[in-house]
Amino acid sequence: MIRRTSFALTVGLLSLLLLSVFAQVWILPSAVESVVAVFPEVEPLTVPAIVWGICAIACWQAIAFIGLRLVIRARDHGFDSSANKWLRAMVGCLLAFIVVVVAAFIALNVLAYTTPGVMLGLIAGGFSALIAATSLVLYLGTRPPMPQYSHP
């Protein structure tokens, strides 16, 4: 992998990880708090919304961390068959995100808090993760066997 590309990807992924931690710790609770201040009837959803948000962000943090691991590995050793386990882990994180989205969708429907913006956001996020997971599974299924490099 070209050094500049590797450096750019590493900086980008580290920046995303840092921003996601900031979103988990400060932005998400603040956003939920401001919605509750405007719409007090959604106060019972405060804790579930924060938990769902933290879990969803954690899924994407794990994906970014795995991506960072793959970038470093590709820079140092090339992209060999050992990357398959990391790509399968990414699929697992995407599936976990889909489970969080489906759980939130069902819970909000049961509780009758189905505002269009939230529901469309859940649907878009879930379908995006489904497309990404399907693409990775297809890639892993159609990829020719690669050599396994030994590490000194």
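If you're wondering where the values come from, they're calculated on a predicted model, not measured in any experiment.

K.L.:
What am I meant to see in a nonpolar patch on the surface here?
P.N.:
Taken together, Val21, Phe22, Val25, Trp26 and Ile27 make up a surface patch of nonpolar side chains, about 480 Å² in accessible area. Relative to the elements of secondary structure, valine 21 occurs in helix H1 (residues 3-38). Since its relative accessible area comes to 40%, valine 21 is described here as partly exposed.

K.L.:
Looking at this model, I keep getting lost on unusual backbone geometry. Mind explaining?
P.N.:
Its identity is not glycine, yet alanine 112 carries a phi of approximately 60°, on the positive side. Mapped onto the elements of the fold, alanine 112 is located in the loop between helix H3 (83-110) and helix H4 (116-142). Look at alanine 112 and you get exposed, because its relative accessible area is 61%.

K.L.:
Would you mind going over the packing of H1 against helix H2 (residues 46-77) with me for this structure?
P.N.:
If you want to describe how two helices pack, look at the angle between their axes and the distance between the axes. Interhelical geometry of H1 versus H2 gives an angle of 175° and a closest axis separation of 9 Å. Judged by the angle between their axes, H1 and H2 are roughly antiparallel. Its residues placed into classes, the contact of H1 with H2 shows 19 nonpolar, eight polar and two charged.

K.L.:
Sorry, what's going on with the state of the cysteines here?
P.N.:
What we call a disulfide is simply a covalent bond connecting the sulfur atoms of a pair of cysteines. The final tally for this structure, using the stated rule, is zero disulfides. Free cysteine cysteine 59: the closest other cysteine sulfur is in cysteine 93, separated by 6.3 Å.

K.L.:
Please explain the packing of aromatic side chains as it appears in this structure.
P.N.:
What describes a pair of aromatic rings is the distance from one ring centre to the other and the angle between the planes of the rings. For the coordinates displayed, the defined rule picks out two aromatic pairs. Their ring planes at 40° and their centres at 5.3 Å tell us that phenylalanine 22 and tryptophan 26 sit as a pair that is tilted. Within this pair, phenylalanine 22 and its partner tryptophan 26 are both found in helix H1, separated by four residues, close to a single helical turn. Overall, the relative accessible area of 39% leaves phenylalanine 22 in the partly exposed class. Centre to centre, the rings of tryptophan 60 and phenylalanine 97 are 5.3 Å apart; their planes meet at 70°, and the pair counts as edge-to-face. Within this pair, whereas tryptophan 60 is found in helix H2, its partner phenylalanine 97 is found in helix H3, the two being separated by 37 residues in sequence. When its relative accessible area of 38% is taken as the criterion, tryptophan 60 is described as partly exposed. Take phenylalanine 97: its relative accessible area is 9%, and that puts it in the buried class.

K.L.:
Would you mind going over the packing of H2 against H3 with me for this structure?
P.N.:
Interaxial distance between H2 and H3 falls to 9 Å at its minimum, and their mutual angle equals 165°. On the basis of the axis angle, H2 is roughly antiparallel to H3. When you trace H2 past H3, the crossing you get is left-handed. Here the contact of H2 with H3 is built from residues that sort into 23 nonpolar, one polar and one charged.

K.L.:
So what exactly am I meant to see when it comes to the confidence of the model for the chain here?
P.N.:
In low-pLDDT segments, the atomic positions of the prediction should not be examined closely. Here the chain averages 90 in pLDDT, and 94% of its residues register 70 or above. H3 holds the highest mean pLDDT among the elements of the chain, 95, whereas H2 holds the lowest, 92.

K.L.:
How do you make sense of the environment of serine 82 when you look at a structure like this?
P.N.:
Relative to the helices and strands, serine 82 resides in the loop between H2 and H3. We classify serine 82 as buried; its relative accessible area is 13%. Taking C-alpha positions, serine 82 is 9.9 Å from leucine 70, a pair spaced 12 residues apart along the chain.

What counts and how
Residues numbered from 1 in each chain as written. Predicted model: local features only at pLDDT ≥ 70, side-chain atom pairs only at ≥ 80, totals over all residues. Heavy atoms only, no water. Patch = residues over 30% accessible without salt bridge, like charges linked within 9 Å, V, L, I, M, F, W, Y side chains within 5 Å. Areas by Shrake-Rupley, 256 points an atom, 1.4 Å probe, with all protein chains shown as cover. Salt bridge = Lys/Arg side-chain N within 4 Å of Asp/Glu carboxyl O. Helix = DSSP H or I, 4+ residues; strand = E, 2+ residues; numbered from the N terminus. Buried < 20%, exposed > 50% of the residue type's maximum accessible area, 1.4 Å probe, protein only. Axes fitted to C-alpha atoms, helices over the stretch in contact; angles between N-to-C directions. Parallel < 35°, antiparallel > 145°, perpendicular 65-115°, else oblique. Nonpolar A, V, L, I, M, F, W, Y, C, P; charged D, E, K, R; others polar. Disulfide = S-S within 2.5 Å. Phe/Tyr/Trp six-rings, centres within 6.5 Å; stacked < 30°, edge-to-face > 60°. Left-handed = near helix turned anticlockwise from the far one by under 90°. pLDDT = per-residue confidence, 0-100.

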